[in-house]
Amino acid sequence: MVEKLDAAARAGLAAALPEWTLVEGRDAIRRSLRFRDFSEAWGFMARVALLAEAQDHHPEWSNVWNRVEILLTTHDAGGLSARDLRLARAIDALLG
């Protein structure tokens, strides 16, 4: 079973993942991205999909033209878990 993040791990979220925002009501983290155009946004989403599938952890997301919104939470844990942080770091690494 996957466990939710403890208070100590949550306290370090802003420093560990500065581009991500804590979504309190959802117990999730969110990142908003803008790309040059739809093709670039879609290509990014395809790369994230491969990462997510490899980690067996899939984001909630949306795409409108050049914008991508990503929300990470672990439904099995009932909120944020280490799985979300691992996928967020992998997504950040894709972006350089």
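What counts as what
Residues numbered from 1 in each chain as written. Predicted model: local features only at pLDDT ≥ 70, side-chain atom pairs only at ≥ 80, totals over all residues. Heavy atoms only, no water. Helix = DSSP H or I, 4+ residues; strand = E, 2+ residues; numbered from the N terminus. Expected span 1.5 Å × (residues − 1). Buried < 20%, exposed > 50% of the residue type's maximum accessible area, 1.4 Å probe, protein only. Arc of directions from axis to C-beta. Contact = heavy atoms within 4.5 Å. Polar contact = N/O pair within 3.5 Å; in protein donor to acceptor, adjacent residues only side chain to side chain. Pairing = 2+ DSSP bridges. Axes fitted to C-alpha atoms, helices over the stretch in contact; angles between N-to-C directions. Core = buried A, V, L, I, M, F, W, Y, C linked by side-chain atoms within 4.5 Å.

### Section: helix 3 (residues 38-55)
- Relative to the 26 Å expected for 18 residues at 1.5 Å per residue, helix 3 spans 26 Å between its end C-alpha atoms, a close match to the ideal helical length.
- Within helix 3 the residues assigned to the buried category are Ala 41, Phe 44, Met 45, Val 48, Ala 52 and Gln 55. For helix 3, the buried positions fall inside an angular range of 100° around the axis, keeping them on one side. Of the residues in helix 3, the exposed ones pointing more than 90 degrees away from the buried face are Ser 39, Trp 42, Leu 50, Glu 53 and Ala 54.
- Residues of helix 3 that are buried in the fold lie against strand 2 (28-34), strand 3 (60-64), strand 4 (67-72) and helix 4 (82-95).
- For helix 3, the capping residue at the N-terminal end is Asp 37, with a side-chain oxygen 3.3 Å from the backbone nitrogen of Ser 39.
- At the C-terminal side of helix 3, Asp 56 shows a positive phi close to 50°.

### Here we look at the sheet that holds strand 3
- Spatially, 1-2-4-3 is the arrangement adopted by the 4 strands of the open sheet, whose pairing is antiparallel. The outermost strands of the open sheet, each flanked by one partner alone, are strand 1 (21-23) and strand 3. For this sheet, the mean inter-axis angle between neighbouring strands, taken without regard to orientation, is 25°.
- One ladder, built from 6 bridges, connects strand 2 with strand 4; its direction is antiparallel. When the sheet's bridge partners are listed, Ile 29 is paired in strand 4 with Leu 72.
- The strands touched by helix 3 within the sheet are strand 2, strand 3 and strand 4, with strand 3 carrying the most contacts at an inclination of about 165°.
- The sheet strands contacting helix 4 are strand 2 and strand 4, and the helix crosses strand 2 at an angle near 15°.

### Quick look at the environment of Leu 85
- Note that Leu 85 resides in helix 4.
- Its relative accessible area of 11% is what places Leu 85 among the buried residues.
- Considering only alpha carbons, one finds Leu 85 and Leu 5, 80 residues apart in sequence, at a separation of 9.6 Å.

### Focus: the nonpolar core
- Membership of the largest hydrophobic core comes to 20 residues, with the highest contact counts inside it found for Trp 20, Ile 29, Phe 44 and Ile 70.
- For this core, the secondary structure elements donating two or more residues are strand 2, helix 3, strand 4 and helix 4.
- Setting aside residues no more than four positions away along its own chain, Phe 44 makes contact with Leu 33, Phe 35, Val 68, Ile 70, Ile 91, Leu 94 and Leu 95.

These results come straight from atomic positions and should not be treated as a statement about function.
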